[in-house]
Amino acid sequence: MLKIGVLDIQGGVAEHISMLERLSDVEPVKVKTKDDIDRIDALIIPGGESTAIGKLLMDFNLLDPLMHKIQSGLPTWGTCAGMILLAKKISNHPKTFLNVMDIQVRRNAYGNQLDSFRTSLKLPAISKHEIPMVFIRAPYVENVEKDVKVLAKIDDIIIACEQKNLLATSFHPELTDDISFHTYFVENIVKRQ
Amino acid sequence: MSKRYELNKNLAQMLKGGVIMDVVNAEQAEIAEKAGAVAVMALERVPADIRKQGGVARMSDPRMIKEIKEAVSIPVMAKARIGHFVEAQILEAIGIDYIDESEVLTPADEMFHIHKHDFNIPFVCGARNLGEALRRIGEGAAMIRTKGEAGTGNVVEAVRHMRTMMSEIRKLRHLPTEELMTAAKEMGAPYDLVLSVAEKESLPVVNFAAGGIATPADAALMMQLGSEGVFVGSGIFKSADPEKRARAIVKATAYYNDPKILAEVSQNLGEAMYSLEINEIPKENLYAERGW
C-alpha cells in the first residue's frame, strides 16, 4: 500500500484525497506536521494560495524538512499553487519557496478569476482519452532547464512537466472526474523512484 | 450548470482552510497578504465603523479597489449592496475576483437579491440557515458564508448560523425522498438543491464563517463547527496589533484542531477589537436581518 500524502495546510486538499481514494493500492494521508512528512511515500501539494501555504510552511518549520525530503527523492506533484511552491524561479514574485524544480513559473499568469478557464487536451503519454483541464487563476511555466521533460503545452505555453521525482501542473485534475494524471503520478513517478 | 459557474465554485474551493480579511487601503492589503490571507475584501469602512458612523453604506470607490488590486497578488473581493446589480456590474468591470453581495452594506432592494447567474464574476452571499443559503445558490452564488453579526466582535451569531445550517443539512440526509418536497417548501429553497444536499450531505458550494470573528480561538471554533474557512472583518484592523493578530488567525484557521498550537498563537495579541453585546443593538441595526 503506497501512502500518498496531500499537504494539508490550505487549499483543495479534500479534492485530491477523493481522487486518490479511487486508485487501488494507494492510501491517501493528510500531511500537516513533520511526523506526517516522515511517514509518506509520495506527496501532492494542492492548489490554494501559494503565499499563504508558503508562509505557513515557514512559520511551522516545515519548509526545510520538506525541501530536504524532496531533494532526497520523495516523489512530489504540485498542482497550481503547488507548482509555484516547487519552482526554483518565480518571474513575478521576489522569493521562492521549496526551490527544488528547475522551472521558472509566472504566478496568476492568465490573469484574474474572469480569465480562469476550462479546456481539454489529448496527451497520448498520459491517457488514451482527451483530458479535461481546469485553470483557476493559474500559473504557467516560462522556462525549463534541460533535464525537465515537458508533458503538455497549450498555445505553445508549458502547463505540465516533470523532472526525476517531480511533477508539476498548472491546472487542477482534482477538479475534474478524470483520474489520468493521478494515475500517471503513481505509475510513472512514484513507482519508478 | 454553466462552465463559468463551475469555475467560480472552483475558485472558492482553492480558498478553503484560509482567511479572507477586510482591508480599507493598499497598505492594509499588503499586511494581510504578508500575514498569509488567501484573499482580501476591499471596502471603505470596516463593519465596526459603519455601525458607529451610520448613514448609507455603499460599494467602495473603484479607484480604491484598483489600488488594492495593484498592491497584492492574492484574490481581491469587494462588496455590493443586496439587490444592487449595477454596483455588481461595476465591480465586474473592474475585474476583481469575487463579489460579496453583503448585508453589511445598506440594502438597495428589500425584495430581490441580484440574479447572480447573469454575471461571469463569482458571488459569495451570507446566510443564516440552509434555506437562505440554497436561495442564494439558486440565484447563482458560488460560495456561502454565515452572516453572523458583523462589526460586533461577537461570534455568537456566526455560531448560531453555522450550527443551524449544519444541523439542517444532517436532518435532510435522513428524510425519505417523499418528504423532501415538503422540506423544500418549508425552507423556501429550490427543490433540486434540496435533493442535492440530501444526497451529498453538504452544500453544493464552499461554506465559510463570517460576522463577529475576533480571535484565533473564534476562527478555530468556526472551523471545528464545520466551516471551510473564515472571513475576518473588523476583527483584525480594529485590534491593537493587526499584523500579529492576522498571523495568529491564519495559523489558527490552518491548525484549528491542534489546541497546543491554538494556545501558542493566542498569547500576547494585545487588545481585541471593541465589542458589542447583540441584545444591546437596536433591532433595526442588526445586519443579519437584512436580505431574506
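Each remark here, short or long, concerns the structure printed above.
Residues numbered from 1 in each chain as written. Chains lettered and ligands numbered in written order. Predicted model: local features only at pLDDT ≥ 70, side-chain atom pairs only at ≥ 80, totals over all residues. Heavy atoms only, no water.

Caption draft 1: Layout of the interface of chain A and chain B. Counting from both sides, the interface comprises 32 residues of chain A and, opposite them, 34 residues of chain B. Of the roughly 2600 Å² buried between chain A and chain B on both sides combined, carbon and sulfur atoms contribute 60%. Looking at the side of chain A facing chain B, the largest losses of area belong to Phe-60, Gln-113 and Leu-114 of chain A, adding up to 24% of the total buried there. The tally of links between chain A and chain B comes to 2 salt bridges. Residue Asp-97 of chain B pairs with Arg-137 of chain A through a salt bridge whose shortest N-O separation is 2.9 Å. Where chain A touches chain B, the interface holds 19 residue pairs in polar contact (both at pLDDT 80 or more). Mapped by element, the contributors of at least two residues to the side of chain A that touches chain B are helix H1 (13-20), helix H3 (50-59), strand S7 (117-122) and strand S8 (130-135) of chain A. The leading source of residues in the side of chain A that touches chain B is H3 of chain A, at 5 residues. Split by residue class, the side of chain A that touches chain B holds 12 nonpolar, 11 polar and 9 charged. (Contact = heavy atoms within 4.5 Å. Buried area = accessible area lost by both parts, 1.4 Å probe. Salt bridge = Lys/Arg side-chain N within 4 Å of Asp/Glu carboxyl O. Polar contact = N/O pair within 3.5 Å; in protein donor to acceptor, adjacent residues only side chain to side chain. Helix = DSSP H or I, 4+ residues; strand = E, 2+ residues; numbered from the N terminus. Nonpolar A, V, L, I, M, F, W, Y, C, P; charged D, E, K, R; others polar.)

Caption draft 2: Region of the structure containing the packing of aromatic side chains. For the coordinates displayed, the defined rule picks out 11 aromatic pairs over all chains. Relative to Phe-117 of chain A, the ring of Tyr-110 of chain A has its centre 5.1 Å away and its plane inclined at 70 degrees; by these criteria the two rings are edge-to-face. The exposure class of Phe-117 of chain A is partly exposed, given its relative accessible area of 21%. Joined through ring pairs, the aromatic side chains of Trp-77, Tyr-110, Phe-117, Phe-135, Tyr-140, Phe-171, Phe-181 and Phe-185 of chain A make up one cluster. Cation over ring: Arg-51 of chain B sits above Tyr-287 of chain B, and NZ or CZ is 4.0 Å from the ring centre. Geometry around Trp-292 of chain B places Arg-136 of chain B over its ring, the cationic atom sitting 5.0 Å from the centre. (Phe/Tyr/Trp six-rings, centres within 6.5 Å; stacked < 30°, edge-to-face > 60°. Buried < 20%, exposed > 50% of the residue type's maximum accessible area, 1.4 Å probe, protein only. Lys NZ or Arg CZ within 6 Å of the ring centre and 35° of its normal.)

Caption draft 3: Spotlight on the pattern of salt bridges. Summed over the entire model, instances satisfying the criterion amount to 28 salt bridges over all chains. Note that Asp-36 of chain A and Arg-39 of chain A form a salt bridge whose closest N and O atoms lie 2.9 Å from each other. Salt-bridge contacts for Lys-116 of chain B lead to Glu-101 of chain B; the nearest nitrogen and oxygen are separated by 2.7 Å. Taken together, the positions of Lys-116 of chain B in the loop between strand S4 (98-102) and strand S5 (123-127) and Glu-101 of chain B in strand S4 put the pair 15 residues apart, joining distant regions of the chain. Here the salt bridges share partners, and the residues they tie into one network are Lys-79, Asp-100, Glu-103 and Arg-145 of chain B.

Caption draft 4: Representation of a nonpolar patch on the surface. All names here are of chain B. A cluster of nonpolar residues, Phe-85, Val-86 and Ile-90, forms a patch on the protein surface that exposes about 250 Å² of accessible area. Its place among the elements puts Val-86 in helix H5 (residues 85-94). The class of Val-86 is partly exposed, set by a relative accessible area of 37%. (Patch = residues over 30% accessible without salt bridge, like charges linked within 9 Å, V, L, I, M, F, W, Y side chains within 5 Å. Areas by Shrake-Rupley, 256 points an atom, 1.4 Å probe, with all protein chains shown as cover.)

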